[in-house]
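Below, each chain spelled out in residue letters.
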Amino acid sequence: MEFIDSHAHLYLDNFTEDIDEVLQRARDKSIARILLPNIDCSTIEAVHKLEKESNEYCLAMMGLHPCSVKANFAEELATINAQFEKRDYIAVGEIGLDYYWDKSTTDWQKEAFHEQVRWAHDRDLPIVIHSRDSIDDILDLLETWSYPGLEGVFHCFTGDKTQVARILDLGFMMGLGGVITFKNSNLDNIIHQIPIEHVILETDAPYLTPHPHRGKRNESSYIPLIAKKVAATTGLTLDEVARQTTANARRLFRI
Ligand SMILES: [Zn+2]
């Protein structure tokens, strides 16, 4: 049995002290690969460094996170776009819209999102979408724009039935993480609606730590806790959840 953590920020300062132990614990729990979404220009070096020092056990994405879209976003985007000229990445991420932290930057966020979707389409890369309080707007945009063949994942998916149906129509994946293990999440009914062929697993470490470690720092070795919850909710065996979600992530990210 093996898993992929499709979304983890293990390059952040939260892990500088003990990254080797964190990676070893992940290996011990059969995590085959860890995928690193970038945040902004200030994190590019750390993402590259961890990918290299882990001998590509961790793999880099490149993109500008919506919470980092400020007045200077054109410069940020130029620097990030230049990275794609220098080397290959597994995805454009993480990108999207965040209406939770700052709604005043919505127009800029939409512009930055669209530009990065274009890069992904031009370079034939999947997109990793951050959609906090903004799933419907993102779906509206993706349904309006026409980028045939565009693929991607709604990371940390916590939407409703209608949104599941729209995401399936687009052919996109949903990333399930620690939130589904929270006692008050009420996501069991929703998880049931998602065909396992459209599910990938993620931690979003160091954030969104699954039960029973909630409140502590999250890490990739907790992926089996999320997989067990998916298994319990869908009636699939843990082995089936591992096999299918790992195959989905391998196909989407071509790894
Ligand atoms: Zn993230």
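Cut-offs and rules
Residues numbered from 1 in each chain as written. Predicted model: local features only at pLDDT ≥ 70, side-chain atom pairs only at ≥ 80, totals over all residues. Heavy atoms only, no water. Helix = DSSP H or I, 4+ residues; strand = E, 2+ residues; numbered from the N terminus. Buried < 20%, exposed > 50% of the residue type's maximum accessible area, 1.4 Å probe, protein only. Lys, Arg positive; Asp, Glu negative; His and termini not counted. Salt bridge = Lys/Arg side-chain N within 4 Å of Asp/Glu carboxyl O. Polar contact = N/O pair within 3.5 Å; in protein donor to acceptor, adjacent residues only side chain to side chain. Contact = heavy atoms within 4.5 Å. Pairing = 2+ DSSP bridges. Axes fitted to C-alpha atoms, helices over the stretch in contact; angles between N-to-C directions. Parallel < 35°, antiparallel > 145°, perpendicular 65-115°, else oblique. Left-handed = near helix turned anticlockwise from the far one by under 90°. Nonpolar A, V, L, I, M, F, W, Y, C, P; charged D, E, K, R; others polar.

### As for the side chain of Asp5
Item 1. Of note, Asp5 is situated in strand S1 (residues 3-5).
Item 2. In this structure Asp5 is buried but unpaired, with Arg217 as the nearest side chain of opposite charge at 11 Å.
Item 3. Separated by 2.6 Å, the side chains of Asp5 and Thr203 make a polar contact.
Item 4. Setting aside residues no more than four positions away along its own chain, Asp5 makes contact with Ile31, Arg33, Ile34, Leu35, Leu201, Glu202, Thr203, Ser220 and Ile223.

### Observations regarding the sheet that holds strand S5 (residues 127-130)
Item 1. One open sheet holds the five strands; their spatial order is S4-S5-S6-S7-S8, and the pairing between them is parallel. A single partner strand is all that each edge strand has here, and the edge strands are strand S4 (92-96) and strand S8 (199-201). Taking each pair of neighbouring strands and ignoring which way they run, the sheet shows an average axis angle of 30°.
Item 2. Relative to strand S7 (residues 173-176), strand S6 (residues 152-154) runs parallel, the two being bridged by two bridges. Across the sheet, Val153 pairs through a bridge with Met173, a residue of S7.
Item 3. Strands S7 and S8 of the sheet are contacted by helix H8 (residues 223-234), whose axis makes an angle of about 150° with S8.

### Quick word on the pattern of salt bridges
Item 1. Counting across every chain of the model gives 15 salt bridges.
Item 2. Measuring nitrogen to oxygen at the nearest pair gives 3.7 Å for the salt bridge that ties Lys110 to Asp137. Residue Lys110 is located in helix H4 (residues 106-123), and its partner Asp137 is located in helix H5 (residues 135-144); the two are separated by 27 residues in the primary sequence.
Item 3. Its salt-bridge partner being Glu219, residue Arg217 comes within 3.6 Å of it at the nearest N-O pair.
Item 4. When its relative accessible area of 4% is taken as the criterion, Glu219 is described as buried.
Item 5. Residues participating in the shared-partner salt-bridge network are Asp18, Arg25, Arg217 and Glu219.

### Quick look at the environment of Leu238
Item 1. If you trace the backbone, Leu238 turns up in helix H9 (residues 238-253).
Item 2. Remark: the alpha-carbon pair of Leu238 and Pro224, spanning 14 residues in sequence, is separated by 8.5 Å.
Item 3. In contact with Leu238, not counting residues within four places along its chain, are Met1, Ala227, Lys228 and Ala231.

### Some remarks on unusual backbone geometry
Item 1. In this structure, Glu94 follows Gly93 across a cis peptide bond, with omega equal to -5°.
Item 2. Of note, Glu94 is situated in strand S4.
Item 3. Across the junction of Ala205 and Pro206, the peptide omega takes the value 10°, indicating a cis bond.
Item 4. Its place among the elements puts Pro206 in the loop between S8 and H8.
Item 5. The backbone of Asn186 shows a phi angle near 55°, a positive value even though the residue is not glycine.
Item 6. Overall, Asn186 belongs to the exposed group, its relative accessible area being 68%.

### A word on the packing of H5 against helix H6 (residues 161-170)
Item 1. Two elements in contact, H5 and H6, have axes whose closest approach is 11 Å; the angle formed by their N-to-C orientations is 30°. Considering their axes alone, H5 and H6 lie roughly parallel with respect to each other. In terms of crossing hand, the pair formed by H5 and H6 is left-handed. Where H5 abuts H6, its residues Ile135, Asp136, Leu139, Asp140, Leu142 and Glu143 lie against Gln163, Arg166, Ile167 and Leu170.
Item 2. When the residues that make up the contact of H5 with H6 are grouped by side-chain class, the tally is five nonpolar, one polar and four charged.

### A few points about the sheet that holds strand S2 (residues 31-36)
Pairing between the strands of a sheet comes from backbone hydrogen bonds, and it takes one of two forms, parallel or antiparallel.
Item 1. Strand order in this open sheet of three strands is S1-S2-S3, and the pairing throughout is parallel. This sheet does not close on itself; its edge strands, each paired only once, are S1 and strand S3 (58-60). Recorded for the sheet is a direction-independent mean angle of 25° between the axes of neighbouring strands.
Item 2. In the sheet, S2 pairs with S3 via three bridges, with the strands oriented parallel. If you follow Leu36 over to S3, its bridge partner there is Ala60.

Keep in mind these values describe shape, not function.
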